[in-house]
Amino acid sequence: MPGAMLRGGRYRLQELLERQEWLNGVFEATWSGQDAQRAGAQVIICELVIPESSSAAVQSMLRTATMTLSSIGRHPRVPALLDAFSDQGRSFFVFEMVEGESLLARLRRSGRALPEQEVVECCLQIVDVLETMAQQTPPLVHGLIRPEHIVVTRSGSQYLLTNFSIVLAGGATQFISGLDRSRLSPYLPPEFMRGAVDSRTDLYSLLATAYHLVTGSPPTAMSGSIAPAQRLNPLVSSEFEAILSKGLRPIASQRYQSPAELRHDLLALRSAIGGADSVVEQWPEQSIPLSPRPASTLASTSTQAPASPSPVPDSVAQALPLMLGAVLEEEEQRLLLPRPEDLPPMRESNDTLNAALWVAGILVALIAVVIFARGLF
C-alpha cells in the first residue's frame, strides 16, 4: 500500500505506477518511492511477488537478475540498480529515478505523431543499449519495451531505457509461456506467448514502439498483418516504412536478427534524411562497453573461496545485498577517490622547524600575558 515502509524504514512507497501480471501468481509492481538515506531522493522500486520465493530455483533466478541488472545499469542510458532485498517473501529492486518525459507522455502532450527524424535517433540510441544487452552472458532481454518505458531527457537529445523486467532479467521464461495475448501489450511479438524470448524480442518491441510514435497508433494486427505506417501517416518515408515492415513481420526468422543489422539500416536512413546534423548531441555509432568488470566476472568473483571462513547466505535477503554491495562499493570508490597521480604535488616544508616556531610563539605570548597581569596588580 502507499506509505508502506521497507528495509527498516529506509524506503517509503508512494504511488503504484504499473503492474505486470505473469503466470502462476507471479507479478511485478513498479512504485515510485523515497530513499531516506539519500535525503529523501526519489527512486523507482520494483516489487516482485513470486510463489515459493525461498526455493533454490527462485533464489538462483534472483541472483542472476541482480548481477545482470547491476551490470547493464552502468550503461549511460539505463537507470542504475541501487539496492536489492527481500521482505516477507517479496523481493524488491530499487532503481535510480531518471528525470525526463516518457515518449508516451510526449506523444499525448503533442497530440500528433512525432517527427520521423526524432524517432530514428531514438531507435539508434536504444539499439545501442540492446547491442550491449545482447553481449551479456547470458544475453539480457528487456521484454517490456514500449513508449512509456523510453524516457527523453530535458535536453531532448538523450533517450533512456527504463523498467526492465526482473523475471526476464533472471531468465525465468517459465512464467510467460502460455500467457493469454490479452494480458500482454501490443508491442510484443507473437512468439512471446510461447516463451520464445531472445534479443529479437526487443528489436520487435522497439520497432513496434517506433511505429506508434510516427503513426500515433499502436501496431494492432488487422487480418494477420499490421497496417503500413504510410497509410496512417503519409509523411513517413518509404525507407522507414521498409524498416518498420521488416521489423514487424510475424515470423521471427524474417525480421531483424541482431541489433547490429537494425542499426545498419537506421544509420543509412539517418544519413539519407540528414538527421545527424540536427541532433543536439551525437552518440558514437558503436556499442558502448560496460565497465571492465562484466557480469561473468562478477559471477566468478562471488563464487571464489574466501581467505577466511564466512557464512553462506541462504536467502535472497542476504545474498542480493551482498552481491550488489560489492559492485556499488567498487563503483563508489572508483568515482569518489582520485588517483594519486591526479593529486596536486605537496608543498615541501620542514615540519620540525615549523613546530619549533609555533612553540616559541606560544611561549612568548604566555610570558607577555603574565607580565601584563602582574602590572595590573
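Residues numbered from 1 in each chain as written. Predicted model: local features only at pLDDT ≥ 70, side-chain atom pairs only at ≥ 80, totals over all residues. Heavy atoms only, no water.

**Student:** Sorry if this is basic, but what is going on with the overall build of the protein chain here?
**Tutor:** Along the backbone of the protein chain there are eleven helices and eleven strands. Taking all 377 residues of the protein chain together, 45% fall into the buried category. Residue pairs at least 24 apart in sequence account for 63% of intrachain contacts in the protein chain once pairs closer than 6 positions are excluded. (Helix = DSSP H or I, 4+ residues; strand = E, 2+ residues; numbered from the N terminus. Buried < 20%, exposed > 50% of the residue type's maximum accessible area, 1.4 Å probe, protein only. Contact = heavy atoms within 4.5 Å.)

**Student:** So what exactly am I meant to see when it comes to helix H1 (residues 56–72) here?
**Tutor:** In an α-helix there are 3.6 residues to a turn, and that puts residues three or four apart on one side. Across its 17 residues, H1 extends 24 Å between first and last C-alpha, which sits within 8% of the 24 Å expected from 1.5 Å per residue. The element H1 is extensively covered by neighbouring structure, given that twelve of its 17 residues are classed as buried. Three or more residues of H1 are buried, namely Val58, Gln59, Met61, Leu62, Ala65, Thr66, Met67, Thr68, Leu69, Ser70, Ser71 and Ile72. (Expected span 1.5 Å × (residues − 1).)

**Student:** Quick question: what am I supposed to make of the nonpolar core here?
**Tutor:** Trp22 and Phe240 are the most contacted members of the largest nonpolar core, which has 71 residues in total. Taken domain by domain, this core gets at least three of its residues from each of domain 1 (4–96) and domain 2 (100–275). Counting residues in hydrophobic clusters, the runner-up holds twelve residues, among them Trp31, Phe85, Phe92 and Val94. (Core = buried A, V, L, I, M, F, W, Y, C linked by side-chain atoms within 4.5 Å. Domains from an automatic or database assignment.)

**Student:** Can you help me understand the side chain of Ser71 in this one?
**Tutor:** By the element assignment, Ser71 lies in helix H1. A polar side-chain atom of Ser71 sits 3.3 Å from a polar atom in the side chain of Gln136. (Polar contact = N/O pair within 3.5 Å; in protein donor to acceptor, adjacent residues only side chain to side chain.)

**Student:** Teacher, can you tell me more about the confidence of the model for the protein chain here?
**Tutor:** For residues with low pLDDT, the predicted coordinates do not support detailed interpretation. Residues with a pLDDT of 70 or more make up 78% of the protein chain, whose mean pLDDT is 82. When pLDDT is averaged over each element of the protein chain, strand E9 (residues 159–161) comes out on top at 98 and helix H9 (residues 295–303) at the bottom at 35. Scored below 50 in pLDDT, residues 276–317 shows 61 contacts in the model against residues more than four places distant or in partner chains. Ignoring residues within four places in sequence, the model shows residues 330–343, a span with pLDDT below 50, making five contacts including any to other chains. (pLDDT = per-residue confidence, 0-100.)

**Student:** Help me out: how do you make sense of the sheet that holds E9 in this one?
**Tutor:** Strand order in this open sheet of three strands is E7-E8-E9, and the pairing throughout is antiparallel. Strands at the two margins of the open sheet, each flanked by one partner only, are strand E7 (101–102) and E9. In this structure, strand E8 (residues 150–152) lies alongside E9, joined through three bridges in antiparallel fashion. Residue pairing in the sheet places Val151 in a bridge with Leu160 of E9. Packing of helix H3 (residues 116–134) onto the sheet brings it into contact with E8 and E9, and relative to E9 it is tilted by some 40 degrees. (Pairing = 2+ DSSP bridges. Axes fitted to C-alpha atoms, helices over the stretch in contact; angles between N-to-C directions.)

**Student:** Help me understand the pairing of strand E6 (residues 90–96), please; the structure alone is not making it clear to me.
**Tutor:** Both faces of the sheet carry side chains from a regular strand, because those side chains alternate between them. Most of E6 sits inside the fold, with five of its seven residues counted as buried. As paired strands, strand E5 (residues 81–87) and E6 are joined by six bridges and run antiparallel to one another. Each bridged residue has a counterpart across the sheet, and for Asp87 the counterpart in E6 is Arg90. Between E5 and E6, which pair antiparallel and follow one another directly, the connecting turn spans two residues, one of which, Gln88, has a positive phi of 55 degrees.

**Student:** Can you walk me through a nonpolar patch on the surface in this structure?
**Tutor:** On the surface, Val359, Ile362, Leu363 and Leu366 cluster together into a nonpolar patch covering about 380 Å² of accessible area. With respect to the element layout, Ile362 can be found in helix H11 (residues 351–376). Look at Ile362 and you get partly exposed, because its relative accessible area is 49%. (Patch = residues over 30% accessible without salt bridge, like charges linked within 9 Å, V, L, I, M, F, W, Y side chains within 5 Å. Areas by Shrake-Rupley, 256 points an atom, 1.4 Å probe, with all protein chains shown as cover. Salt bridge = Lys/Arg side-chain N within 4 Å of Asp/Glu carboxyl O.)

**Student:** How should I be thinking about the packing of H3 against helix H5 (residues 199–215) in this particular structure?
**Tutor:** When two helices pack together, you describe them by how their axes are tilted relative to each other and by the distance separating the axes. Following both chains from N to C, one finds H3 and H5 inclined at 165 degrees, their axes separated by 10 Å at the closest point. On the basis of the axis angle, H3 is roughly antiparallel to H5. Here the hand of the crossing between H3 and H5 comes out right-handed. Touching Glu116, Val119, Cys123, Ile126, Val127, Leu130, Met133 and Ala134 of H3 are Ser199, Asp202, Leu203, Leu206, Ala210, Leu213 and Val214, all from H5. (Parallel < 35°, antiparallel > 145°, perpendicular 65-115°, else oblique. Left-handed = near helix turned anticlockwise from the far one by under 90°.)

**Student:** Got a minute to help me understand H5 in this structure?
**Tutor:** Over its 17 residues, H5 runs 25 Å from end to end, which matches the ideal 24 Å to within 8%, given 1.5 Å per residue. With 15 of 17 residues buried, H5 is to be regarded as a mostly interior element. Where H5 starts, the residue carrying a side-chain oxygen 2.9 Å from the main-chain nitrogen of Arg200 turns out to be Asp198. Phi for Gly216, located one or two positions after H5, is positive at around 85 degrees.

**Student:** Help me understand the packing of helix H7 (residues 238–247) against helix H8 (residues 259–273), please; the structure alone is not making it clear to me.
**Tutor:** Running from N to C, H7 and H8 point in directions that differ by 165 degrees, and their axes come no closer than 10 Å. In terms of orientation, H7 lies roughly antiparallel with respect to H8. For the pair H7 and H8, the crossing hand works out as left-handed. In this structure, H7 contributes Glu239, Phe240, Ile243 and Lys246 to the contact, and H8 contributes Glu261, Leu262, Asp265, Leu266 and Leu269. Broken down by class, the residue content of the contact of H7 with H8 amounts to five nonpolar, no polar and four charged. (Nonpolar A, V, L, I, M, F, W, Y, C, P; charged D, E, K, R; others polar.)

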